[in-house]
Amino acid sequence: MTSLLSTEKTGSQVEESHPPGGFYRWITSVDHKVIGKNYMYTALTFMFIAGAMALLIRTQLFNPNGHVVGQQTYNELFTIHGSMMLYLFAGPFAFGGFANYIVPLQIGAPDMAFPRLNNLSYWLFLTGGSTMLLGFFTASGAAAFGWVAYAPLSSNPYSPGPGPDLWIVSIALVGFSGIFTGVNLVTTIFYLRAPGLTMFRMPLFTWSMLVTGILILVAFPVLTAALVMLYADRHFGAHFFSVQGGGVPVMWQNLFWFFGHPEVYILALPFFGIISEVVPVFARKPIFGYRGMVFATLAIAGLSTGVWAHHMFTTGTVLLPFFSALSLLIAVPTGIKVFTWIATIWGGQIRFGVPMLFAMGFIPAFVMGGITGVMLASPPIDFYTHDTYFVVAHFHQVLIATTIFAGFAGIYYWYPKITGRMLSERIGRWNFWITYLGFWVTFMPQYLLGLRGMPRRIAVYSATDGFTFLNRVSTVGAYVMAIGMALFLVNVVRSWRRPVAAEDNPWDGATLEWATSSPPPTHNFHSLPPIRSARPVWDANHPEHSDAAPVIAGGDESAH
């Protein structure tokens, strides 16, 4: 309650304080903008480390019977690569980074509801990520049982040593960080919206983060409980997942995937929200079917909690027709989102800025991943492709389409607001096209490898298996992607060495974050425009084309 009341300070009161600068500000600040940037910097660092591991994996598979790394090291690499991309980059970058920075600005709030809890969330995340990497410095090496940690492979007899324990502790710490962030997001959005910003006037990115926060509170405690059980099995003689003690190994899969499938949408929904912000601004028209997008987001969240067992078709312990039908059904609200983005683009006066390039590149990449997901929802196809590179290609296509293409659309879109500087459009276009080319060259061959029967998680294959050419193409694509990602770093460095000042609203954006300066002051806003529609900044800047409802004398404005 104290934190909520503290946010009611006036702008002049906040301006009188002088927050510390430099390193001390970095480690102590409770300003949501500083914490959001910390999340983004840290998550991107983890992404580049995980990307280097991916290049090692692809280099090992370039030739048959490769000798770049040994089998144990290979197992450690794909385990930590997957864990870092999913637990330490994709989620924290979105709901820790973008949400922390952008959501309070989009709802006209001075800060998050619980600033100190927000700071604690970041430090738990950083500590958890560092703990995971410490596994490489132990005598037994890092965890090597895959990012899903299936029992009994993750039990002591098969995965001894402190490396797996460090993995368990790291995921638990990151999980608590996510839970605290979810509490903060939900509370902030419900209680700190500016006057006039009703629920159906909120930006779609904020809607996405609200639903994501609720899903975090549903899913993350289940994973935390499963991790406690696994640690107890390893060290305290419990037998939750051990057959010898009367446990049930497949229970781990039920618990993990009850977290894991909502987690897919915890990762995806924030990036869907980014696309829903970028596309209307660069198409110069309102989002098509605003309420339909909101209800589609809610439907995805609801259905995502009931489809976990489609990852378990081959276990023989689940009701195939039910989970297959529900897995197919979740494609409907997802498809609504895709058609809404296309309908928004259709007939618009499109500006092909770099954010729009990444957004438009996201759509076909994600649709391809979604179509293969519908295929895997069919048990006969899943039986044939399970544990092959077809699943690897599907999973990477969905996750990279969302986290990289939609994520970079958000970076290029909000970078001027966050830093007060513009990124180079020329370098940004090279960044997009090279990364996009590398993406398709990397993952399309993996679908074919899977259909030819190449298993997942193997470090070597025979020259007679027929996998060599496609693996080489995929590896070349991975290196092309790496060049594209390096261009992003070049662009960021250039923006600081040769800065180009950004206007407060360089894209003619419509939502409240564009009503303040670039970068925003400590207290976020000097003043807010009247909020009479879902696009208050557009209403203020273009009164002749305003979305705002007319003010009726003696009555309220009608809700949009």
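Scroll up to find the structure.
Residues numbered from 1 in each chain as written. Predicted model: local features only at pLDDT ≥ 70, side-chain atom pairs only at ≥ 80, totals over all residues. Heavy atoms only, no water.

Re the overall build of the chain
Our working rule: Strands here are runs of E lasting at least two residues and helices are runs of H or I lasting at least four, both read from the DSSP assignment and numbered beginning at the N terminus. Each radius of gyration is computed over the set of C-alpha atoms, and the globule rule expresses the reference value as 2.2 Å times the number of residues to the power 0.38. Any two residues whose heavy atoms approach within 4.5 Å at even a single point are treated as in contact. Accessibility throughout is a Shrake-Rupley quantity obtained with a 1.4 Å probe, and a residue counts as covered only by protein chains that appear here. For the charge count, each Lys or Arg is scored as positive and each Asp or Glu as negative, with His and the chain ends excluded. All charge positions are set by atom: Lys at NZ, Arg at CZ, Asp at CG, Glu at CD.
What the chain contains, in helices and strands, is 18 helices and zero strands. For 560 residues, the compact-globule estimate of 2.2 N^0.38 gives 24 Å, and the C-alpha radius of gyration of the chain, at 24 Å, lies within 12% of that figure. Across the chain, the fraction of contacts at a sequence separation of at least 24, relative to all contacts at a separation of at least 6, is 81%. In the form shown here, the chain has an accessible surface area of approximately 21,900 Å², with 69% of it arising from carbon and sulfur atoms. One way to put it: in the chain the 27 positive side-chain charges average out to a point 8 Å from where the 23 negative ones average out.

Brief notes about the environment of Ala 299
To be explicit about the condition: Burial classes: relative accessible area under 20% of the type maximum marks a residue as buried, over 50% as exposed, and values in between as partly exposed (1.4 Å probe, protein chains only).
Residue placement: Ala 299 occurs in helix 10 (residues 290–304). For Ala 299, a relative accessible area of 28% translates into the label partly exposed.

Points about the packing of helix 6 (residues 115–134) against helix 7 (residues 162–191)
For any two helices packed against each other, the geometry comes down to the angle between their axes and how far apart the axes lie. Note the threshold: The axes are straight lines fitted to the C-alpha atoms, using for helices just the contacting stretch, and the angles between their N-to-C directions are given from 0 to 180°. The labels follow the angle: roughly parallel below 35 degrees, roughly antiparallel above 145, roughly perpendicular from 65 to 115, and oblique for the rest. Crossing chirality is assigned from the near helix's rotation relative to the far helix, an anticlockwise turn below a right angle marking it left-handed and a clockwise turn marking it right-handed. Note on residue classes: Ala, Val, Leu, Ile, Met, Phe, Trp, Tyr, Cys and Pro are nonpolar, Asp, Glu, Lys and Arg are charged, and everything else, Gly too, is polar.
Relative to each other, helix 6 and helix 7 sit at 160°, their axes nearing to 8 Å. With respect to helix 7, the element helix 6 is oriented roughly antiparallel. Of the two possible hands of crossing, helix 6 and helix 7 adopt the one that is left-handed. Here Leu 117, Asn 118, Leu 120, Ser 121, Leu 124, Phe 125, Thr 127, Gly 128, Gly 129, Thr 131, Met 132 and Leu 134 of helix 6 lie close against helix 7, whose contacting residues are Leu 166, Trp 167, Val 169, Ser 170, Ile 171, Leu 173, Val 174, Phe 176, Ser 177, Phe 180, Thr 181 and Asn 184. Looking at the contact of helix 6 with helix 7 residue by residue, the class counts come to 14 nonpolar, ten polar and no charged.

Digging into the side chain of Ser 29
Test applied: Distance and chemistry together define a polar contact, namely a pair of N or O atoms within 3.5 Å, with one atom able to donate a hydrogen and the other to accept it when in protein, and with adjacent residues in sequence counting only for side-chain atoms on both sides.
When you line up the elements, Ser 29 lands in the loop between helix 3 (22–28) and helix 4 (32–60). For Ser 29, a relative accessible area of 11% puts it in the buried group. At a separation of 3.0 Å, a polar atom in the side chain of Ser 29 contacts the main-chain amide nitrogen of Asp 31.

Re a nonpolar patch on the surface
Spelled out, the test is: Patch members must show over 30% relative accessible area and no salt bridge, and they are joined within 9 Å when carrying like charges or within 5 Å when they are nonpolar side chains of Val, Leu, Ile, Met, Phe, Trp or Tyr. Note on definitions: salt bridges are taken to be side-chain nitrogens of Lys or Arg within 4 Å of carboxyl oxygens of Asp or Glu.
On the surface, Leu 134, Phe 136 and Phe 137 cluster together into a nonpolar patch covering about 330 Å² of accessible area. Within the secondary structure layout, Phe 136 lies in the loop between helix 6 and helix 7.

Looking at the side chain of Asn 118
Mapped onto the elements, Asn 118 comes out in helix 6. Asn 118 sits in the buried class, given a relative accessible area of 0%. Discounting chain neighbours no more than four positions away, the residues touching Asn 118 are His 32, Ile 35, Asn 100, Met 112 and Asn 184.

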